[in-house]
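Okay, here's what each chain looks like letter by letter:
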Amino acid sequence: MRAFKIFQSVFLLLLLGTLTTKTALAQEEGALVKMSPDSLRTSTIEILPYGIMVGEFDGRAWKYPYNGLFLTRDLGQSWVKVGNLDGRGVEDIAYDKTSGTIYTATYYRVNGLAGLFASYDQGQTFQHLGHDFSNSNVEISNGNIIIGSYSHGLWISQDNGQTWVQKLGDDTGWTGPQIVNITAQDNLVFASTTTRIYKSEDSGLTWSEITQLQGEQIHTFIITNEVILAGCRNNRGLLR
């Protein structure tokens, strides 16, 4: 999902940028403008009603990376650090339009906690939710929170993160496959591991494998007008 979010948000920045004044941009028409925050490793972008939020995940510890969240309210002209996720390594961001909650999937353990964090105050503060293991993805489908992990499979919560059920794993509630991507539109959700792709048509409650895609290394999905595009990392290009 991260790749799609980055593509979608960069496209929006470029589109809206053409509507701003030349004085504000001070660039030639059609030029790409560097509008990144003070970060070299942008991992995910999420468009919010009040701005654009960017996460950083930089594994170079010797660089002492911030590895938290940035927010812009002026289409990238200026950025501020927000939240209390410093050092956690933000892998993914999801916004629940109904509740206004921001969810972040994080990688590193800080102060004894790792995994999913939620903000109920527009990203100013975040609270830990659920299990204590590194998350790779987070998605919202009809109010259900769906998270992917590196070593514990895929989990879903139907009560705002109070309780969780493992949906893709080894049935022990502990280990599971690495989840590479989760993408949702309405009640339709796709999840990919390194070599398998799963589909849910009930917002993550039940899952089935798409066997004809077994072996494909799908890293990102786009769902639009009943057409599904899947981007591969094994030289297979784009599947439709």
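Residues numbered from 1 in each chain as written. Predicted model: local features only at pLDDT ≥ 70, side-chain atom pairs only at ≥ 80, totals over all residues. Heavy atoms only, no water.

A. Layout of the overall build of the protein chain. Per the secondary structure count, the protein chain includes two helices and 19 strands. Counting across all 240 residues of the protein chain, residues that qualify as buried make up 46%. Contacts spanning at least 24 positions in sequence make up 39% of the contacts within the protein chain whose residues lie at least 6 apart. For the protein chain, the exposed surface amounts to about 12,400 Å²; the carbon and sulfur share of it is 51%. (Helix = DSSP H or I, 4+ residues; strand = E, 2+ residues; numbered from the N terminus. Buried < 20%, exposed > 50% of the residue type's maximum accessible area, 1.4 Å probe, protein only. Contact = heavy atoms within 4.5 Å. Areas by Shrake-Rupley, 256 points an atom, 1.4 Å probe, with all protein chains shown as cover.)

B. Expanded view of the side chain of asparagine 144. Structurally, asparagine 144 is set in strand β10 (residues 144-149). From its side chain, asparagine 144 meets the backbone oxygen of serine 203 in a polar contact 3.0 Å long. (Polar contact = N/O pair within 3.5 Å; in protein donor to acceptor, adjacent residues only side chain to side chain.)

C. Representation of the sheet that holds strand β15 (residues 197-200). Taken in spatial order, the four strands of this open sheet run β13-β14-β15-β16, and their pairing is antiparallel. Both edges of this open sheet fall to β13 (181-185) and β16 (208-209), since each of them pairs with a single strand only. Direction of pairing for strand β14 (residues 188-192) relative to β15: antiparallel, over a ladder of four bridges. Bridge assignment links valine 189 to a residue of β15, and that residue is serine 200. (Pairing = 2+ DSSP bridges.)

D. Local environment of the environment of histidine 219. Here histidine 219 is to be found in strand β17 (residues 218-224). Taking the C-alpha atoms as reference points, histidine 219 and asparagine 181, separated by 38 residues in sequence, lie 6.0 Å from one another.

E. Expanded view of the environment of glycine 148. Position of glycine 148 relative to the elements: it lies in strand β10. A sequence separation of 20 residues divides glycine 148 from leucine 168, and the C-alpha atoms of the two residues are 9.1 Å apart. Residues contacting glycine 148, with those up to four places away along its chain left out, are Asn135, Ser136, Asn137, Gly153, Ile179 and Ile182.

F. The environment of serine 39, seen in detail. Summarising the element assignment, serine 39 is placed in the loop between α2 (22-25) and β1 (42-48). Ignoring any residue separated from it by four or fewer positions in sequence, one finds serine 39 in contact with Glu56 and Phe70.

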